[in-house]
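# Close look at the chain arrangement
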Amino acid sequence: MIRSVFGASVQGASHIRTGRECQDSLKKEVKDSGAVILSVADGHGSDACPYSKTGSLTAVNVFCRIMGDYLDTYAGRQEMLFTFLKREGDTKIAREIDAEWKRRILKLHTRCGRSIPIDENQNKDREAVYKLYGSTLLGLVITEEFLFAFQLGDGDIVKVSESGVYSVIEADKILGTETHSLSKAESWKKAVTLTRKREENERLPVMYMLSSDGMSNSYKNEEEFQKTCRDYYALLGEHGVKAVSGRLKAWMQETSEMGCGDDITALFAYETEKILQSGSSEGV
């Protein structure tokens, strides 16, 4: 099997018009074992969250660091790691991500010389600081034996194969424009995780895609979004990773312009038995 990872972020059409920077972040890490860690985060971008780009960048760094440490600790013992993540994914792992994100945000906030507000009881209001950096978080760990998916807030993690398109994980949705956020107290309680064995003799190619909600929100319904996922899958099979990754930003910019106008980030892992075109294992 050959796995290639690539992705991109684009500034939303509405953000270009208003001069607001892209609030999304993405990160990938490939381990010596062949396991890959993918992460996408979407900073809230509202006036109440002026530093959410920093928040989203911190989020993807935290996910990749924590999951990378676990992969290193359990190197050569995938079955034990699978059992641990299945048991502790939505508790211990989610708590660690929540705590580490907040620790880093407070440190960054202080290092930048920004003041910490004082609450009505004359205590430092750390919750008010976290809100300034609000972000969602998507994460996926792919090993030879299993998948581990993590979601806090909106966005999508999907798998596409010859069998069709399906969501790897079903997030806890909030009606309207609100979303769960790392910035909220005990955010880990709103995290959704999934740990699942990979299918034996799985037919390739297979495509995994993590995308911020700017992608799915640019389509009128779930059916149209899934059609686009199938289109990317077909393009990868027909033209290869190098060709698709080279055009990805232009396609996503067009999606934002024709859709909701939000920032869009997409991160792909494409697995195939075929030899890919030279230079096609492009990172992000």
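For the structure itself, consult the block above.
Calculation notes
Think of each chain on its own: its residues are numbered from 1, step by step along the sequence as written. Residues qualify for local features only when their pLDDT is at least 70, as the model is predicted, and side-chain atom pairs are given and counted only at 80 or more; totals for whole chains, interfaces and linings, by contrast, use all residues. Water and hydrogen atoms were dropped before computing side-chain values, which therefore reflect all heavy atoms in the structure. By definition, a salt bridge exists where a carboxyl oxygen of Asp or Glu is found within 4 Å of a side-chain nitrogen of Lys or Arg. Numbered from the N terminus, helices here are DSSP runs of H or I no shorter than four residues, and strands are runs of E no shorter than two. Type-normalised accessible area, obtained with a 1.4 Å probe on protein chains alone, sets the label of each residue: buried when under 20%, exposed when over 50%, and partly exposed for intermediate values. Two N or O atoms count as a polar contact when they lie within 3.5 Å, although within protein this holds only if one can serve as hydrogen donor and the other as acceptor, and sequence-adjacent residues are included solely when both atoms are side-chain atoms. We call two residues contacting when some pair of their heavy atoms lies within 4.5 Å. Strand pairing follows a simple DSSP-based rule, namely that at least 2 bridges must link the two strands. Here an axis means a line fitted to C-alpha atoms, over the contact stretch when the element is a helix, while the angle between two N-to-C directions is reported on a 0 to 180 degree scale.

### With respect to the pattern of salt bridges
All chains considered together, the criterion is met by 19 salt bridges. The residue R103 makes a salt bridge to E100 at a minimum N-O spacing of 2.9 Å. Taken as a pair, R103 and E100 lie in helix 3 (residues 78-111) at a separation of three residues, close to a single helical turn. Relative accessible area serves as the criterion here: at 46%, R103 is assigned to the partly exposed category. On the basis of relative accessibility, which here comes to 12%, the residue E100 falls in the buried class. Here the salt bridges share partners, and the residues they tie into one network are R3, K159, R198, E199, E202 and E271.

### A few points about the side chain of R198
Mapped onto the elements, R198 comes out in the loop between strand 8 (192-197) and strand 9 (206-211). Residue classification places R198 among the buried residues on the basis of a relative accessible area of 12%. Within the structure, the side chain of R198 is placed 2.9 Å from the side chain of E202, a separation counted as a polar contact. Here R198 is in contact with R3, I142, T143, E144, E145, F146, L147, Y208 and E271, once residues within four sequence places are set aside.

### What about the sheet that holds strand 8?
What the five strands build is an open sheet, ordered 2-3-4-5-8; its pairing is antiparallel. At either end of the open sheet lies a strand with only one pairing partner, and these are strand 2 (24-30) and strand 8. Across this sheet, the average inter-strand angle for adjacent strands is 5°, counted without regard to direction. Against the sheet, helix 2 (residues 52-73) engages strand 2, strand 3 (36-42), strand 4 (137-142) and strand 5 (146-152), with an angle of about 160° to strand 3. Helix-sheet contacts for helix 3 involve strand 4, strand 5 and strand 8, and the interaxial angle to strand 5 is about 5°.

These values are about where atoms sit, not about what they do.
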